[in-house]
Each structure stands twice: as C-alpha cells, then as structure tokens.
Amino acid sequence: GVVLQKEKVDLNGGWQADDPVPYAALVKAFSLIEATPKRLEKTALLTTFFLLILQRSAIGDSKSLLQAVYLCINRLSPDYVGVELGIGENLLVKAIGQSTGRSAAQIKADFKKEGDLGLVAMKSKKNQKTLFKAKPLTIPFVFSSLQEIATSSGHASQGKKVSIMVKILTACQGFEAKYIVRSLEGKLRIGNAERTVLVALAHAAVLAEMERDQAKWTPHELVNRLDEAARVMKSVYSELPTYEKVIPALLEVGIACLHDRCKLTPGIPLKPMLAKPTKAIGEVLHRFEGMDFTCEYKYDGERAQVHKMEDGTIGIFSRNSEDMSKKYPDLIEQLPRCIRASTNSFVIDAEAVAINKSTGMLMPFQHLSKRKRKDVRFQDVTVHVCLYAFDLLYLNGEPLLQKDLKKRRALLRQHFQSIPGEFDFAKASDSNTIDEIEAFLEESIKDGCEGLMVKMLASDNSYYEPSRRSVNWLKLKKDYLHGVGDSLDLVVVGGYYGKGKRANVYGAFLLACYDTNTEEFQTICKIGTGFSEEQLQTHYDMLKPLQSLNIRGDIKAGGAQPDVWFEPKIVWEVLTADLSLSPIYTAAQGLIEERGISLRFPRFIRPREDKSAEDSTSPEQIAEMYQRQTLIESKRNTNEIGD
Ligand code: ATP
C-alpha cells in the first residue's frame, strides 16, 4: 500500500484523463520495477500503473491496457499468432548509430563495456545535442511501430526496420531509449514474470472496482478479495491464454464473473500440462500408493494439441502454442476419419509420432525431425505421422479440464476411433505392481517408445492442470533411470573454438538454464562430447550468426569464460551422469547452497526446436534433481531402496 501511494504520484506525471498513455509513464514504472528485487513491490508498482490506465482511459477502452500489458511482457500478440521481436545486434547498432550520429565502432566499444545495448543507446542519446524536442512517445505509437517492425518481411524489410527504429529512437527522452532497445532485442530484463503481470492486472481490477463503487472494505476483506482475484486471473489465463479476450472481458464484467466469460475455446491453444521426472519405479509407487493410477506409453514424437473449432476448422498447436497446422496438412486430412459423428468441437492432447506406414512400426523422433517445419505440401509428405491421443480437454462446447482423467479418457475413447497408421489412443495399462509396471516399461521400449507416463486416474485432483509441471503426471524414461531421471533442456550461451581438426568450428559450448523469475540465464556446464563432426559443422552454421564478443547483461556467467558469447536462442537436450555443486557455474545458486550446480559428463542428445530459450530447464528443476539424487544416494547407502 505504501509503495502504491508513493509511486502513484511519480507515475502520474502530466498524464491527463482520456489522453493516450504516455510511454514515459510505462518507462518510469519499468525503472522502478527493475530497481527492486522484491516480487511484492514489483507487483504493487505494476498494479499502480495498470490502475492509472483504468482510471484515465475512456470507458470501454480496453486497447490502452492491452497494449501496456503486451509491452510489459515484451510480446505483441498471443503466442499462437507468433508476432515476435528479436532484432539482432548489428541492426540495432545501425539504428542507434543513425539516430545519435555515432559510429558503429563507438557503439560496439561501449557495448563491450556495458553489456547492455539499451544502456548504450540511452547514454548515446544523453550526450547528443538536439535542436528541438520531439513529440513525446505514446504507448499506441510505440506498440504499432514495434508491430510494424516485427511483421515487415521480404527484400527491403531490413531498411524499413532500421528506419522505424531510428524514428522511435530519435523521439526518445530520458530512460526511454534503454527500454525501447531492450524491447526490440526481445528481452526487457526487469524481472517482470508473466505471473506478476497477471496478479497486477487482477489487483488493479479490484482496486478500480473499490474506487468506482466507493466500497468500504476492511483491510482484511480487501486482502481476501485481492488474493481471490489473483487466483481467478491465473486460472482464467491458463485456460484461455490470450489477453485479447481476457482484458476486454475483465473491463466489461469484472473479475467476479471473468470465469463465466473466459473459458477454454477451440482455436486458442492452452499451455500443456507437464510431468515430473522419476528415477525408479519405486518412486512412482511411493507417490501413487493406494491411489487409482494408469501407465501409458511415452511416445517419442512431438506434442500436438489438436483443436476442432465450431466452424469445422482443425488446428494443430505445438507444446509452445505455435500453430503447426501448416506443418501437418496430412494430419489435418486424416483426422476427420477418426472423429465419430457425434463430435463437432473438441480439443485433444496427443503426440504426433513418425511411423513406417507399411510395417506400422513407430520411428524415433530423429525421423520426425526430418520433416520441414513450415508450409509442407500434402503431396510432398514422405515422413508419415500417426497421432496418439492421451487426453480430451474440450468436447462439443464444454471444457473438461475439471473432470478426472478416468472420465476424460472414457469420453476420448467414446468419441474417437482408432484408424491404423493414422490415429490411435495412447496404449495404457492400469496394473500397478512393480513387476507389471516393469513389464509394461520393457514393452514400451520394444515398441519404440521412450518409456512410460504414469498418471493419477481418478481422484479429486486428477483434473487437467494447464501449464503446470504436476506430480499427478510422472515420466519414467527407461534410458535415464540410471542417470538423474531425465534429460535437461539447456540454452547454448557460449562457444569455445575447436583445436586441430576442429579448428574451424566451435569444439565445445557453454550451456545455461533459465530463471523465469529473474529473467536470467545461469551457466551450468561446458559440453564437448556427443557431437559428430557433421553436427559440429551444423551447430557452427547455426550459432555463428548469433555470435558476439560481448556478454549480454542477462547471462550470469560466474567463472565461465568462453571464447565467444551467443544470443541465447538455441536449446539442446542434454544428458548427464550426475549433478554436482560447482564453484564456477551459477545454475540454481542459492537454492541448495551458495555454490551453483553443474552437470558431470554432459552429453549432447539433440536440438529442441520446439522449445524457446525461456522454456529451458529451470533452476528449481535442477535443484530438485540434485536433491533427489542425494536423497537416493543416501538411501542406497543405508540399503533402503531396492530397485
Ligand atoms: P519437459 O519440459 O517435461 O521436459 P518435454 O517436452 O521435454 O517436457 P518430456 O520430458 O519428453 O517432455 O515428457 C513429456 C512429453 O512426453 C510430453 O510433452 C509429450 O510430448 C510426450 N508424451 C508422449 N506420450 C505421452 C503420454 N502418453 N502422455 C503425456 N505426454 C506424452
């Protein structure tokens, strides 16, 4: 409350009711948010800013709030539309140079010192003498300019992008250039996790309602309402992850009725439910003791969320909510044959797996990865795909997320039919002794799967939890039972030049995990094994354009000193023998103890093109793996564990 009152004055500035929101007000909020490490203060500051927008916007204007929210999370559209920023270093240097009259060499030298092009742009502008003051930037102007930059493509697009960037940078005052450049890079780095934005939106809506109705709530009542609003907002957004629908509904019906308005809707992908790793069957039995659970084959393909909309259109979305409908024209053609007549709209959760059409055998993921990712023509498909459905989330106008898995699975089997080589239900076994699970695990491997998914079947909390890594779903990967239980997905942030035969490529790489709370990449290991010569060349070709001699401000390097740094974009799946505490690397520092955690004998498995850098393994997951490893070691030492 104190923070709210104090900063309200500051953020207010000269901003008048019904005016477009000044970009300066947002930037002021960003600076204050960046300056505090405390999550509660970040939330309060953002709440204040959103509240001001609600108070100053004309009634019925949801656009100002929508654009402000997008700028706060550094996005320009929902994930499935995929309008993204991520302008490379060279183009940004060019734009900063043109707008400030400085040379590229000067800017690059400053960048090397500062590690943040945003700061360099701001300082370059500060030292620049200008004859006249440009018109202040507004949120609608900045938003539409960023959108234009992100969507311009084709031959002359580079020049167009630079000229729009120059136009905005020329008009920047104070701290504005710093955040504009960071937005353009695709990383705001103020520690504004999406969770914070959702809570702040909910809180602002409650406070606006309190003011409007002149409600006299006690502090206790207010706190309860704020907590409940945050819970509702998070749950609504996990079902319908698009601000384009949630914000107008919030302004129209308020937080109390938001859930009635915003439900899972075919055509809008939800973030999938995820599983926790396990190292042993004993661990699975321990977790599900006395409960109803099921084991399913864990297919080795690509997650596919399949939507049939009310108008009959079928859409397929990736684990990351990207629209994959153009990648799988064959699946779209196959699907209608698998739908029973009584089904007109649905959302199913499934795995798309490459198969050999003549033998019906499952092919490993490497085979699937040979398919083109975009604009595949039906007649060109050579890698055939079968869809293995394991969940039904929506059926004929009704979301099923709150039903238990037993009911969802029964509905799935009732409304769809298996067609060999095209569509099937994930093979399942509800038996639950160690021996039976062991046998089913072996069978899954024989049939070309990675292992098993073990899921809570019927209980009060076996509902579908979008975007959660839940203990109600456990993954048991055969290959990893003797390692740390799972592979890790890590971002390539640095490279070491090779020696001898490998002199023209990178011979080893620095990997990092990603902390969504601090928006930082934390280094975890150097990896140099598991690569063929051909792979090293491919990695070199892919990483070279992302190379920089400067470390970005959001990479927490610790003692790691690679020869070059990379823009953190590429994610690799990596296996490790075990995890150890490290004085050099920074992953999960402070979670187990002051030292970070590192991988011992890391080995490259494959690129994870379906994951963005922000989806890589989190420090919390790494700390959990480390803890489980030490727990199991100590049990083994005292002979408590058999399998
Ligand atoms: P994570 O972030 O959990 O590591 P991931 O995408 O790397 O996610 P995996 O570790 O391979 O996933 O395990 C979960 C994935 O397994 C799901 O995202 C899905 O793509 C796949 N999968 C295959 N079969 C099933 C099944 N029967 N039920 C659920 N998921 C399945």
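Reading the values: rules and limits
- Residues numbered from 1 in each chain as written.
- Predicted model: local features only at pLDDT ≥ 70, side-chain atom pairs only at ≥ 80, totals over all residues.
- Helix = DSSP H or I, 4+ residues; strand = E, 2+ residues; numbered from the N terminus.
- Rg over C-alpha atoms; globule rule 2.2 N^0.38 Å.
- Buried ≥ 20, exposed ≤ 12 C-beta atoms within 10 Å, placed from the backbone.
- Expected span 1.5 Å × (residues − 1).
- Contact = placed C-beta atoms within 7 Å.
- Near = placed C-beta within 6 Å.
- Nonpolar A, V, L, I, M, F, W, Y, C, P; charged D, E, K, R; others polar.
- pLDDT = per-residue confidence, 0-100.
- Core = buried A, V, L, I, M, F, W, Y, C linked by C-beta atoms within 7 Å.
- Axes fitted to C-alpha atoms, helices over the stretch in contact; angles between N-to-C directions.
- Parallel < 35°, antiparallel > 145°, perpendicular 65-115°, else oblique.
- Left-handed = near helix turned anticlockwise from the far one by under 90°.
- Pairing = 2+ DSSP bridges.
- Arc of directions from axis to C-beta.

**Thoughts on the overall build of the chain**
Each helix and strand counted, the chain has 21 helices and 21 strands in total. Relative to the globule expectation of 26 Å for 643 residues, the C-alpha radius of gyration of the chain, 26 Å, shows essentially globular dimensions. Expressed as lengths along the three principal axes of its C-alpha atoms, the size of the chain is roughly 80 × 70 × 60 Å. Residues classed as buried in the chain amount to 44% of the 643 residues present.

**Quick notes on helix α9 (residues 157–171)**
Two residues of an α-helix separated by three or four positions point the same way, owing to the 3.6 residues in each turn. Spanning 15 residues, α9 covers 22 Å between terminal C-alpha atoms, matching the ideal 21 Å at 1.5 Å per step. The secondary structure elements touched by the buried residues of α9 are α5 (89–100), α7 (117–126), α8 (139–151) and α10 (176–185).

**Some points on the site of the ligand**
Near the ligand there are 14 residues, and of these E296, R303, F390, A426 and M453 occur at the shortest range. If you list the elements that add at least two residues to the shell around the ligand, you get β1 (274–277) and β2 (293–298). Considering only residue class, the shell around the ligand consists of seven nonpolar, no polar and seven charged.

**Points about the environment of D424**
Secondary-structure assignment places D424 in strand β8 (residues 423–425). For D424 and L599, which are 175 residues apart along the polypeptide, the C-alpha to C-alpha distance reads 38 Å.

**Points about the confidence of the model for the chain**
Reading predicted coordinates in detail is not appropriate for stretches of low pLDDT. On average, residues of the chain score 90 in pLDDT, and 95% of them are at 70 or above. Confidence metrics for the complex model read pTM 0.85 and ipTM 0.96.

**Side note on the environment of K108**
Relative to the assigned elements, K108 resides in helix α6 (residues 104–114). With 81 residues separating them in the primary sequence, K108 and V27 have C-alpha atoms 25 Å apart.

**Structural notes on the nonpolar core**
In this structure, L26, F50, L201, A202, M233, L387 and A389 are the most contacted members of the largest nonpolar core, which totals 141 residues. Per element, the largest residue contribution to this core is 11 residues, and it comes from helix α11 (residues 194–212). Non-local contacts of F50, meaning those with residues more than four positions away in its chain, are made with L65, A200, L201 and A204. Among the nonpolar cores identified, the runner-up in size contains 41 residues, and L488, Y514, L543 and A613 belong to it.

**Concerning the packing of α6 against α7**
The interhelical angle for the contact between α6 and α7, taken along N-to-C directions, is 125°, at an axis separation of 9 Å. The pairing of α6 with α7 is recorded here as oblique in orientation. Remark: the crossing between α6 and α7 carries right-handed chirality. For the pair α6 and α7, contact is made by I107, D110, F111 and E114 and by L117, L119, V120 and S124, respectively. Here the residues of the contact of α6 with α7 are counted per class, giving five nonpolar, one polar and two charged.

**Thoughts on the pairing of strand β18 (residues 571–575)**
The two faces of a sheet get side chains in turn, since along a regular strand they alternate between them. By the bridge criterion, four bridges tie strand β12 (residues 488–497) to β18 in an arrangement that is antiparallel. By the bridge assignment, L490 is partnered in β18 with W572.

**So, the sheet that holds β1**
As summarised here, the arrangement of the five strands in space is β1-β11-β10-β2-β9, forming an open sheet in which the pairing is mixed. Strand pairing shows two members of the sheet lacking a second neighbour, β1 and β9 (428–429), which therefore form its edges. Summarising the sheet, β2 and β9 pair through two bridges and their orientation is antiparallel. Residue C295 lies in a different strand from β9, and its bridge partner there is S429. Packed onto the sheet, helix α15 (residues 281–288) meets β2, β10 (451–456) and β11 (469–477) and runs at close to 155° relative to β11. Helix-sheet contacts for helix α19 (residues 434–446) involve β2, β9, β10 and β11, and the interaxial angle to β10 is about 130°.

**Observations concerning unusual backbone geometry**
Non-glycine residue S467 carries a positive phi angle of around 60°. Checked against the element boundaries, S467 lands in the loop between β10 and β11. For S467, a count of 16 C-beta atoms within 10 Å puts it in the partly exposed group. Phi at E519 takes a positive value of approximately 55°, unusual for a residue other than glycine. By the element assignment, E519 lies in the loop between β13 (506–515) and β14 (520–527).

**Considering helix α20 (residues 533–543)**
Among the residues of α20, L536, H539 and L543 are the ones counted as buried. The buried residues of α20 all sit within an arc of 65° when viewed along its axis, so they share a single face. Those residues of α20 that are exposed and aimed more than 90 degrees away from the buried face are E533, E534 and D541. Looking at the buried positions of α20, the neighbouring elements they touch are β12, β13, β15 (547–548) and β17 (564–566).

**Concerning the packing of helix α4 (residues 63–72) against helix α13 (residues 243–253)**
At a minimum axis distance of 10 Å, the contact between α4 and α13 shows a crossing angle of 135°. With respect to α13, the axis of α4 lies oblique. Crossing of α4 over α13 shows right-handed handedness. Residues L65, L66, V69 and Y70 of α4 lie in contact with α13, whose contacting residues are Y243, E244 and I247. Classifying every residue of the contact of α4 with α13 gives six nonpolar, no polar and one charged.

**A few points about the environment of V81**
The topology assignment puts V81 in the loop between α4 and α5. Distance in space between the C-alpha atoms of V81 and E322 is 7.4 Å, their sequence separation being 241 residues.

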